[in-house]
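Spelled out from the first residue to the last, the chains are:
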Amino acid sequence: MRPYAAAVAGIASLLAVGLLTMAAARANEPPRRVVSMNLCTDQLAMLVAAKEQLYSVSYLSRDPESSVLADDAKKFVTNHGLAEEIFTMSPDLIVAGTFTSRASIALLKRLGFRVEQFAPPNSLSDIRTNMRRMGELLGREKRADELIAEFDRALAAVPATLKKRPLAALHYANSYTSGGGTLAADVVERAGLENLGTRLGLQGTTRLPLELLVMEAPDLIIGGIRPSSSPALAYDTFTHPALRDALRGRGLTSVPDRYLVCGGPFTIEAVRLLETASQKLSRQKQP
Amino acid sequence: MNDRLLIALLSLIAALLFIASLLVGPANLDISTALAGLFSKTNPAATLVMCEIRLPRAILGFMIGATLGLSGAVMQGYLRNPLADPAILGVSGAASLGAVLAIYTGLSAAFPLALPLLAIAGAVIAVLLLQMLAGTNAGTLTLILAGIAITSLTGAFTSLALNLSPNPFAATEIVFWMMGSLTDRSMQHVWLSAPFILIGWAMLSVLGRALNALTLGPQVASSLGIRLDRTQMLAVLGTAASVGAATAIAGTIGFVGLIVPHLLRPFVGSEPSRLLPASALAGAAIVLAADVAVRIIAPGRDLKLGVLTAIVGAPFFLWLVIKHRRDVL
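Cut-off values and rules
Residues numbered from 1 in each chain as written. Chains lettered and ligands numbered in written order. Predicted model: local features only at pLDDT ≥ 70, side-chain atom pairs only at ≥ 80, totals over all residues. Heavy atoms only, no water. Helix = DSSP H or I, 4+ residues; strand = E, 2+ residues; numbered from the N terminus. Buried < 20%, exposed > 50% of the residue type's maximum accessible area, 1.4 Å probe, protein only. Salt bridge = Lys/Arg side-chain N within 4 Å of Asp/Glu carboxyl O. Contact = heavy atoms within 4.5 Å. Buried area = accessible area lost by both parts, 1.4 Å probe. Polar contact = N/O pair within 3.5 Å; in protein donor to acceptor, adjacent residues only side chain to side chain. Disulfide = S-S within 2.5 Å. Pairing = 2+ DSSP bridges.

**Q** When you look at unusual backbone geometry in this model, what are you seeing that I'm missing?
**A** A negative phi holds for most residues other than glycine; trans holds for most peptide bonds. Phi at S90 of chain A is positive, roughly 35°, even though this residue is not glycine. Relative to the assigned elements, S90 of chain A resides in the loop between helix 4 (83-88) and strand 4 (93-97). Backbone geometry at D184 of chain B places phi at a positive 50°, although glycine is not the residue there. Examined against the element boundaries, D184 of chain B turns out to sit in the loop between helix 8 (174-179) and helix 9 (187-205). A relative accessible area of 16% places D184 of chain B in the buried class.

Pasting the structure below:
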């Protein structure tokens, strides 16, 4: 038994050393086989990577409700974020989110893989930071700069803030909302609206009971059921009579999840949609 | 204690808790704003909060609590078993499974009545299964074990159905179906469940005399002129209709039906006919109190009702097991 165990340990350590030296050798040149484990890094990598550089993206990026690049994602091998699956792909760089399964990430790191984690953006300017970092990691700084410049132009083209900002409530499934320090709040504010969660002093994404939302009588409620998804009690809140009455016949302002779940150049679409809604509202108010 | 006095006292407690339920909520309304919201239209936001959010919650708390108390008393009388309770014996679990199938297949979106009807169908199956086992004069132990088996099996199927749903929220809603909640229920839920709950109450409330006779055993009851088949039909359908509709709206709220009759027996004695109305009122009071407590203990966290009822109820259940150990084992 003992010689066998020793042999296994020996092979394992050889393998690890091999992988480590491989990783070290390639540290200075751009990675050639990148695997992304998280919907948000998937989309950044797809936008930034050179042809053939990205090997695999997560299965979620093929879901058109969550992913803006669902069609592009079909060109890549899918993964489910499992260490064993990623191991067999033998990537030279793994990109993942900071909230991607800790166990899988820890295991992959122990096996000697290079893992780079991205924190979810908390503002529009964090999106720039993440894009720039992805460019640096993939050796595609020029491409990243182009994307950032395009993003900045698009953002600058959105009209400046109105004098009196209408109050908007972000309302997600299960009565969740986004308070201060979140990308969604930044998007709402950039669109010329005041975010209810921020006004109430909430931080991060947290529950906002329907009662509180109704009492604040917001001008705009942003949210809505994902059109083709299967039923869940989480969506009951969108059809609650109290919410319907609070809308005063205006209907929910819907921003597709895919523009806000992850931060990317496409987040500009969410700003545009909300800006249009906010303009429409101020026209209605002052006919 | 005088029965009339007890009923009056329990009604008063339930009424006070009903009012408390209207006054507690995340939108800290003071009493005058709350009352103005309830009875006038001067403050439209307060009216919305009171009439569309808190009133249905309080009404459902009362109806569901009364259902659990009443059905617990009937089941303990009918099965002649002090440990009977719709949640422990798997009736609520089976109703949950029916409701889960109705909601997550999309059936209830197309046909709203499917929700209470499938939940009631689940409850009927569970009660009939239990009745088959208890009808052959099985002991307390057999009945409880059968209940555990039904609860586990229906719980497993509920988890399976929710885990297989492609919707990412569905799996997290397993907690709701196992623990129960009244958060943000609306008048639509009241209208959907009230007819079935009221029909169930009507069926159960006429059982008093039959259950009194049954305490002497089925043969004696039969010779006293009690029609056992009719009693069985009313007990099964009444429990299933009220517990099924209640569970379809609020999930499984355990232990209320178990505790309430035991708390009241010292006052009304062991005669089921005197126990039934008191149990309904006390059940309503307990669920309303629990629903007020979850909003005070963890505001904004959506603490489940069943968490509180189990924390109080499960030790009580253990105490009952110890007390009845001699006849159980």
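**Q** Which parts of the structure should I look at to understand the pattern of salt bridges?
**A** A pair can form between side chains of opposite charge whenever their charged atoms are brought close. Under the criterion given, the structure shown has 16 salt bridges over all chains. Among the salt bridges present, the one from D152 of chain A reaches R128 of chain A, with a minimum N-O distance of 2.6 Å. Placement of D152 of chain A in helix 7 (residues 141-157) and of R128 of chain A in helix 6 (residues 124-137) is noted, with a sequence separation of 24 residues between them. Two residues, R54 of chain B and E211 of chain A, come together in a salt bridge whose shortest N-O distance is 2.8 Å. A residue pair is termed interchain when its members come from two chains, as with R54 of chain B in helix 3 (residues 44-78) and E211 of chain A in helix 10 (residues 210-216). Judged by its relative accessible area of 0%, R54 of chain B is buried. One connected set of salt bridges, linked through shared partners, spans R114, E116 and R133 of chain A.

**Q** Is there a simple way to explain the interface of chain B and chain A in this structure?
**A** Quoted interface sizes are often the accessible area lost when the parts come together. Contact with chain B, which involves 32 residues of that partner, is made by 26 residues of chain A. For the chain B and chain A pair, buried surface summed over both sides reaches about 2,300 Å², with 64% attributable to carbon and sulfur atoms. Here chain B is connected to chain A by two salt bridges. For D236 of chain A, the salt bridge goes to R185 of chain B, with nearest N and O atoms at 3.5 Å. At the surface where chain B touches chain A, the tally comes to eight residue pairs in polar contact (both at pLDDT 80 or more). At the level of secondary structure, the elements contributing two or more residues to the side of chain B that touches chain A comprise helix 3, helix 4 (91-104), helix 8 and helix 9 of chain B. A total of seven residues in the side of chain B that touches chain A trace back to one element, the largest contributor, which is helix 3 of chain B.

**Q** Would you mind showing me how to read the state of the cysteines here?
**A** Cysteine pairs can be linked by a disulfide, which is a covalent bond between their two sulfur atoms. Residue and element names in this part refer to chain A. Applying the stated criterion to the full structure yields one disulfide over all chains. Between C40 and C262 runs a disulfide, and the two sulfur atoms are separated by 2.0 Å. An S-S torsion of about -75° defines the bridge between C40 and C262 as left-handed. Taken together, the residues C40 in helix 2 (residues 39-48) and C262 in the loop between helix 12 (257-261) and helix 13 (267-285) connect sequence positions 222 residues apart. Residue C262 is classed as buried on the basis of its relative accessible area of 1%.

**Q** Looking at this model, I keep getting lost on the pairing of strand 6 (residues 167-171) of chain A. Mind explaining?
**A** Put simply, side chains in a regular strand alternate between the two faces of the sheet. All names here are of chain A. Burial runs high along strand 6: five of the five residues are buried. Burial along strand 6 is two-sided: L167, A169 and H171 facing one way and A168 and L170 facing the other are all buried. Relative to strand 8 (residues 194-195), strand 6 is paired through two bridges, and the arrangement is parallel. Paired with L167 across the two strands is E194, which belongs to strand 8. Sheet analysis places strand 6 next to strand 10 (residues 220-223), joined by four bridges and oriented parallel. Residue pairing across strands places A169 opposite I221, the latter belonging to strand 10.

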